[in-house]
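Residue-level listing of the chains:
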Amino acid sequence: MKIFLDTANRELIEKWIPTGIIDGVTTNPSLLSKEGKNSKKVLENICGIVKGDVSIEIVKKEPNEVYKQAIQISKIAPNVVVKIPFAWEYLSVINKLVKDGIKINVTLIFSVVQATLVSKLGVKYISPFIGRWDDIDRDGMDVIENLVIMKHNYGFKSEILAASIRHVIHLQKSILMGADVATIPPTLLDKLMVHPLTQQGIKKFDADWSKLEKEDLFD
Ligand code: G3P
């Protein structure tokens, strides 16, 4: 499974890259709005430090403008994936962009039908938002389960990118259900690194080792 960082914060990306577990980054206008006004610079920096795919979202609304902006965004760096929210008006734009060889991530996916339509177009990623389904009292994991079945039924190549992951259960279930990618906010990644039983186990090993009154294993 690929793990992407869901942030536009350079320091946080630089913190996690050396661990080797980060395969890419996803950004969106809300995340970018936290990083100051010079979004182009912020994005160029991110693309320079991340080896894998970096999703950058269009903000234009009119389909021709969306197409032009998508082309501009794709030129920022070779690892850019253009993120476009699902809307029927954008299907022909997405179709054209895929044919132009531009990597596309269709975002704000909430149904298996939306996901099927854009998989047919050959987009690189489809991004179902788990937490936002939960916000309105539906189990957001159902959409991941359905998308995995849909992908296997038809042999689509588009990767299922589980997004709006809020807690460990979202991530665990995404892994077990077979999502191809999970994009994780750095705050959650921090929490995932600490397990009380691991901490407890280390303490016990240290306590037992100290009984030998030796500094090193080979003293
Ligand atoms: O990757 C999508 C994510 O940034 C949205 O998350 O928690 O605002 O629903 P959230």
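Draft legend 1. Layout of the site of the ligand. Taken together, Asp6, Asn28, Phe129, Arg132, Ala163, Ser164, Arg166 and Thr183 make up the full set of residues adjacent to the ligand. Asp6 is positioned such that a nitrogen or oxygen atom in its side chain is 2.7 Å from an oxygen atom of the ligand. For the ligand, the protein covers 80% of the area, taking 310 Å² as the surface of the free molecule. Of the residues belonging to the shell around the ligand, the class tally is two nonpolar, three polar and three charged.

Draft legend 2. Structural context of the sheet that holds strand β3 (residues 53-57). Strand order around the closed barrel formed by eight strands is β1-β2-β3-β4-β5-β6-β7-β8, with parallel pairing between neighbours. On average, adjacent strands in this sheet sit at an angle of 30 degrees to one another, irrespective of strand direction. Relative to strand β8 (residues 181-184), strand β7 (residues 159-162) runs parallel, the two being bridged by two bridges. Residue Leu161 lies in a different strand from β8, and its bridge partner there is Val181.

Draft legend 3. Here's a closer look at the pairing of strand β4 (residues 80-85). Of all six residues making up β4, six are buried, and the element is well covered by its neighbours. Burial along β4 is two-sided: the face carrying Val80, Val82 and Ile84 and the face carrying Val81, Lys83 and Pro85 are both buried. A crossover connection joins β3 to the parallel β4 through helix α4 (residues 63-74); in handedness this β-α-β unit is right-handed. Where β4 meets strand β5 (residues 104-109), four bridges bridge the pair, whose relative direction is parallel. Paired with Ile84 across the strands is Val106, a residue of β5. Chirality of the crossover, the property in question, places the unit of β4, helix α5 (residues 91-99) and β5 among those that are right-handed.

Draft legend 4. Layout of unusual backbone geometry. Phi angles above zero are rare outside glycine, and Asp137 is one such case at about 65 degrees. Counting through the fold element by element, Asp137 comes out in the loop between α7 (130-135) and α8 (141-154). Judged by its relative accessible area of 75%, Asp137 falls in the exposed class.

Draft legend 5. Layout of the pattern of salt bridges. Tallying each qualifying case throughout the model produces 13 salt bridges. With its nearest N and O atoms 2.9 Å apart, the salt bridge here joins Glu159 to Lys2. Of this pair, Glu159 sits in strand β7 while Lys2 sits in strand β1 (residues 2-6), and the two are 157 residues apart along the sequence. Since its relative accessible area comes to 16%, Glu159 is described here as buried. Under the relative-accessibility criterion, Lys2 is labelled partly exposed at 27%. Asp135 is paired through a salt bridge with Arg166; the nearest N and O atoms lie 3.0 Å apart. Linking Asp135 in helix α7 with Arg166 in the loop between β7 and α9 (168-177), this pair joins segments that are 31 residues apart in sequence. Taking the relative accessible area as the measure of exposure, Arg166 reaches 41% and is therefore partly exposed. When salt bridges with common partners are traced through the structure, they connect Lys40, Lys41 and Glu44 into a single cluster.

Rules used in this analysis
- Residues numbered from 1 in each chain as written.
- Predicted model: local features only at pLDDT ≥ 70, side-chain atom pairs only at ≥ 80, totals over all residues.
- Heavy atoms only, no water.
- Near = heavy atom within 4 Å.
- Polar contact = N/O pair within 3.5 Å; in protein donor to acceptor, adjacent residues only side chain to side chain.
- Areas by Shrake-Rupley, 256 points an atom, 1.4 Å probe, with all protein chains shown as cover.
- Nonpolar A, V, L, I, M, F, W, Y, C, P; charged D, E, K, R; others polar.
- Pairing = 2+ DSSP bridges.
- Helix = DSSP H or I, 4+ residues; strand = E, 2+ residues; numbered from the N terminus.
- Axes fitted to C-alpha atoms, helices over the stretch in contact; angles between N-to-C directions.
- Buried < 20%, exposed > 50% of the residue type's maximum accessible area, 1.4 Å probe, protein only.
- Right-handed = clockwise from strand over helix to strand, strands pointing away.
- Salt bridge = Lys/Arg side-chain N within 4 Å of Asp/Glu carboxyl O.

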